[in-house]
Amino acid sequence: MSRAFILLFDSFGIGATPDAAKFGDAGANTLGHIASWAASKGRALQLPRLEHLGLGAAAHAASGEWPAGFTRRSGFEAAWGAARERSTGKDTQSGHWEIAGVPVDFDWGYFPEATASAPSFPPELTAALQQQAGVPGFLGDCHASGTEIINRLGDLHLASGKPILYTSGDSVLQIAAHESAFGLERLYALCELAFELVAPYNIGRVIARPFIGADGHYTRTANRHDYAVPPPSPTLLDHVKDGGGEVLALGKVSDIFARQGISRQIKADGNMALFDALLKVMDEANGAKDSGALVFVNFVDFDQSYGHRRDVAGYADALLAIDARLPEFIAKMKSGDLAVITADHGCDPTMAGSDHTREQIPMLFFGPGVAARELGISSSFCDIGQTLAHHLGSAPLAHGQVLF
């Protein structure tokens, strides 16, 4: 019985794609710029386990540059390469779905940046939502970092009872509200209603963002909930589950796939809690007798806590923390296991704004039976899913090539 693990470092890009300029992201390089920043501060970005797996070489293949402080040039311990997105955006759903074999070849709807004369959301949309939900109005109505906007508007939210409405470079509408003062179930009901109302705008997700705190100091809780459009065709997750295998989704993965193809979802708050959950799941994921198991974890802190907030130091520290824990994961791998470290897009914390960046992603495949080799640059994230489907003995996906 084979097992496969997708360790997705949310937003961990390794160099701008050839078409990045179309997205305003020319020169983006999440890893490269973090490493250069660390070197400039006299604190080299030392990621020994990721470097041994070929991260530096993958970044060099993608960007033509070795990340500052990465000295290993050979003797890698994984099958390493990079991948370019075929999908037309740089959003969470497109990246995850394409990794699972379903590229997004259509254009999502997006909400524009607010201006002095026009908010981000269509007035007819917010008016309908206000009327049907019975709320006194909304705050925000703009593009924003979620952690920044709750601290900026949290006090006014508590005083007025108005939920905080915001968006980003993703095809998304997000609603933040105080978990106890506004009510968690009330926030969920509001988001369910919003999800119905945004359908004509071709929006991919509505996200409930509950938070706690007071007096300008607020923290988001683990009770986030995504209401997402389902993938348009079967993904790797569906193929594994429908073939009798087990699919375990950690973090926000289940929400991103609208719970399709999921056997069990495991929630945890933050990268380290997610890593603890991953280690526990490794003792539980056994699949059926003749079928494999797929474990898919999204380490969300890289994106939501550091990338969008443009917190370079925080992003660097998060990379150091997860690199230090990788030996725990590797030590628990069994014969027949295959893992891949990858990402869904970039979110270069040195770039202007707060949105994702159109970047190539790493592909670091490793496990007891994996021979070290160079994989080159894939023209689609689908190659990741197709390779895992082949390993698990699942039905081939509609898109992608088997890499080894």
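Small disclaimer: the values here were computed from a predicted structure and weren't measured.

Colleague: Quick one: what's the story with the pairing of strand β13 (residues 361–366), residue by residue and with numbers?
Modeller: Counting buried residues along β13, 6 of its 6 residues qualify, which places the element largely inside the surrounding structure. Burial of the side chains of β13 extends over both faces: I361, M363 and F365 are buried on one face and P362, L364 and F366 on the other. By the bridge criterion, 5 bridges tie strand β2 (residues 79–83) to β13 in an arrangement that is antiparallel. Residue pairing in the sheet places A82 in a bridge with P362 of β13.

Colleague: Provide a residue-level description of helix α3 (residues 55–63), including the pertinent values.
Modeller: For α3, every residue scored as buried is listed here: L55, G56, A57, A58, A59 and A62. Buried residues in α3 make contact with α1 (30–40), α2 (48–52), β2, β13 and β14 (373–378). Of the residues one or two after α3, G64 is the one with positive phi, at around 80 degrees.

Colleague: Now, about the sheet that holds β2: what can you tell me, with residues and values included?
Modeller: Across the sheet, 8 strands lie side by side as β10-β9-β11-β1-β12-β13-β2-β14; this open sheet has mixed pairing. The sheet is open, and its two edges are formed by β10 (264–266) and β14, each paired on a single side. On average, each strand axis in the sheet is tilted by 15 degrees relative to the strand beside it, whichever way the strands run. Across the sheet, helix α4 (residues 92–99) lies against β1 (3–9), β11 (293–299) and β12 (337–342), angled at about 155 degrees from β1, the strand it touches most.

Colleague: An account of the packing of helix α5 (residues 123–133) against helix α7 (residues 179–197) is needed here, citing residue identities and associated values.
Modeller: Their axes nearest at 10 Å, the elements α5 and α7 cross at an angle of 140 degrees. Taken together, the axis directions place α5 and α7 in an arrangement best described as oblique. Viewed along their axes, α5 and α7 form a crossing whose handedness is right-handed. From α5, L125, A128, L129, Q132 and A133 reach across to α7, where they touch L190, L193, A194 and L197.

Colleague: Tell me about the nonpolar core, and please be specific about residues and values.
Modeller: Core analysis: the biggest nonpolar cluster contains 89 residues, and L7, L236, L250, F299 and F329 have the highest contact counts within it. At 8 residues, helix α12 (residues 312–331) tops the list of elements feeding residues into this core. Excluding anything up to four places from it in sequence, F329 contacts F5, L7, F275, L278, L279, M282, A339 and F366. Ranked by size, the runner-up nonpolar core spans 24 residues in total, among them L125, F138, F182 and A194.

Colleague: If you had to explain the packing of aromatic side chains to someone new, which residues and values would you point to?
Modeller: According to the stated counting rule, one finds 15 aromatic pairs in the structure shown. Taking 5.6 Å as the distance between ring centres and 55 degrees as the angle between the ring planes, the aromatic pair formed by W97 and W108 counts as tilted. With W97 in helix α4 and W108 in the loop between α4 and α5, this pair connects stretches of sequence that are 11 residues apart. Residue W97 shares its accessibility class with W108, and that shared class is buried. Arranged with centres 6.1 Å apart and planes meeting at 75 degrees, the rings of F329 and F366 form a pair that is edge-to-face. Separated by 37 residues along the polypeptide, F329 in helix α12 and F366 in strand β13 bring together distant segments of the chain. Note on accessibility: F329 and F366 belong to one class, buried. In textbook terms, an aromatic cluster arises when at least three aromatic residues are bridged by ring pairs, as seen for F9, F12, F275, F299, F302 and Y315. Over the ring of W66 we find R73, and its NZ or CZ is 3.9 Å from the ring centre. In this structure, R186 packs its charged tip against the face of F182, placed 4.0 Å from the ring centre.

Each value, and the rule that gives it
Residues numbered from 1 in each chain as written. Predicted model: local features only at pLDDT ≥ 70, side-chain atom pairs only at ≥ 80, totals over all residues. Heavy atoms only, no water. Buried < 20%, exposed > 50% of the residue type's maximum accessible area, 1.4 Å probe, protein only. Helix = DSSP H or I, 4+ residues; strand = E, 2+ residues; numbered from the N terminus. Pairing = 2+ DSSP bridges. Contact = heavy atoms within 4.5 Å. Axes fitted to C-alpha atoms, helices over the stretch in contact; angles between N-to-C directions. Parallel < 35°, antiparallel > 145°, perpendicular 65-115°, else oblique. Left-handed = near helix turned anticlockwise from the far one by under 90°. Core = buried A, V, L, I, M, F, W, Y, C linked by side-chain atoms within 4.5 Å. Phe/Tyr/Trp six-rings, centres within 6.5 Å; stacked < 30°, edge-to-face > 60°. Lys NZ or Arg CZ within 6 Å of the ring centre and 35° of its normal.

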